[in-house]
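# Structure assessment
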Amino acid sequence: MKYKNLTKEQILISIDRLTRFKNTRDKYIRVFTDIITSCLIEPKLKKSELLSMDYAELTSVAEMILNGSIMAILSNNSSIKATNVEINKLISDYENSVFINDSETQELLNNNILYRQAADLIEEDCVSNLRWLKMLVAKPNCSMHDLREKYELKYPIEKIVLAEGITEEILLPAFSRYLGLDFYKKGIQIIPAGGKNQVVKMYYKLIEEVKLPIFVLLDRDAEKNIEQISPKLRSIDKIHLISCGEFEDLLPKSLIIKTVNKHFENFLSISEQDLASEYTTVYVLDELFKTKGLHEFKKSEFAKLVRDNITCDSDISDEIKDIIKELGQK
């Protein structure tokens, strides 16, 4: 076979995608087919041919290109070590502990990718899954859980929080960290589904793919969605229905006031009276931003501002504390 080498950037993108928290079969097939279609010169194979190829053969071709590319970059490095299959086994065991993988998927996992050598290409300032890989290579005999706790690696993932939106994704880990439950130390992965109906679809999908417990967090108006989930709810999973409104409505008014006044200190100052309304917090803030001549209110941007202003116990409402307490339970 004749192929061109992947660049360093392409190698790192491939390794990154292979170690993300994604369905094992899907990510391996996607990465392997992308490597082959972009690099293989002879024989030239169509993507449709690759998708119908035996998984062991697909793995072999992608592995040849990826490993050859890694070694080409490191060829002048005298410290190159032989392949350490122990790293590959650790990754395979982890994937199988998290995902429900069939025998065909095992052929994708049964590879000899040079993870040890690839780790030499990874910069210190990298995404969490690549930090985890570097640490596995550096300390292969240490417990994955101990490494995660000590270095705040996030991996291995042990629990999923399935929420409706971006605000929960940004703020729940921040509130939790303040209260001593660090998502990165405890291996908690939060997934924003993009609405209550999408939460149901995502839950149905996840229970077919993962072995991990799932904590479902829903807004107050999602009672019908809970009825859809409940018949399929596994014993290891749990649902928390917010008592009033949506997650933003759980934020203490004092925290919202502190956040707005600090960020817009040169333009305005608000008080509790400005937030007094029968409407939702998001609606009130949206109207406030309009009437005060501020930029457009965006949930994600505001959540990041709030995150930076969590400084005391009163910044966290009782229900948020209850949610975090539930998350900390086995």
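Reference entry: report on the structure contained in this document. (Residues numbered from 1 in each chain as written. Predicted model: local features only at pLDDT ≥ 70, side-chain atom pairs only at ≥ 80, totals over all residues. Heavy atoms only, no water.)

### Some remarks on the pattern of salt bridges
- Under the counting rule described, the total for this entry stands at 23 salt bridges.
- Salt-bridge contacts for Lys 196 lead to Asp 221; the nearest nitrogen and oxygen are separated by 3.5 Å. Of this pair, Lys 196 sits in helix 12 (residues 196–209) while Asp 221 sits in the loop between strand 5 (214–218) and helix 13 (223–229), placing them 25 residues apart in sequence.
- Classification of Lys 196 by relative accessible area gives partly exposed; the value is 27%.
- For Asp 221, a relative accessible area of 51% gives the class exposed.
- Members of the salt-bridge network, linked through shared partners, are Arg 25, Asp 102 and Glu 104. (Salt bridge = Lys/Arg side-chain N within 4 Å of Asp/Glu carboxyl O. Helix = DSSP H or I, 4+ residues; strand = E, 2+ residues; numbered from the N terminus. Buried < 20%, exposed > 50% of the residue type's maximum accessible area, 1.4 Å probe, protein only.)

### Concerning the packing of aromatic side chains
- A full pass over the atoms with the stated rule returns 10 aromatic pairs.
- Between Phe 289 and Phe 302, the aromatic rings sit 6.4 Å apart at their centres with planes inclined by 80°, giving edge-to-face as the arrangement. Of this pair, Phe 289 sits in helix 16 (residues 281–291) while Phe 302 is found in helix 17 (residues 299–307), placing the two residues 13 residues apart along the sequence. Summarising the burial analysis for this pair, Phe 289 and Phe 302 share the class buried.
- Connected via pairs of aromatic rings, a cluster forms that spans Phe 264, Phe 289, Phe 297 and Phe 302. (Phe/Tyr/Trp six-rings, centres within 6.5 Å; stacked < 30°, edge-to-face > 60°.)

### Observations regarding the packing of helix 10 (residues 166–178) against helix 18 (residues 318–328)
- Contact pair helix 10 / helix 18: the axes reach a minimum separation of 10 Å and the direction vectors enclose 80°. Relative to helix 18, the element helix 10 lies roughly perpendicular. Between helix 10 and helix 18, the residues in contact are Leu 172, Phe 175 and Ser 176 and Ile 320, Ile 323, Ile 324 and Leu 327, respectively.
- The residue makeup of the contact of helix 10 with helix 18, split by class, is 6 nonpolar, 1 polar and no charged. (Axes fitted to C-alpha atoms, helices over the stretch in contact; angles between N-to-C directions. Parallel < 35°, antiparallel > 145°, perpendicular 65-115°, else oblique. Contact = heavy atoms within 4.5 Å. Nonpolar A, V, L, I, M, F, W, Y, C, P; charged D, E, K, R; others polar.)

### Observations concerning the side chain of Asn 111
- Here Asn 111 shows up in the loop between helix 6 (103–109) and helix 7 (115–119).
- In terms of polar contacts, Asn 111 uses its side chain to reach the backbone carbonyl oxygen of Leu 108, at 2.9 Å.
- Those residues in contact with Asn 111 that lie beyond four places of it in its chain are Tyr 28, Thr 59, Glu 63 and Asn 88. (Polar contact = N/O pair within 3.5 Å; in protein donor to acceptor, adjacent residues only side chain to side chain.)

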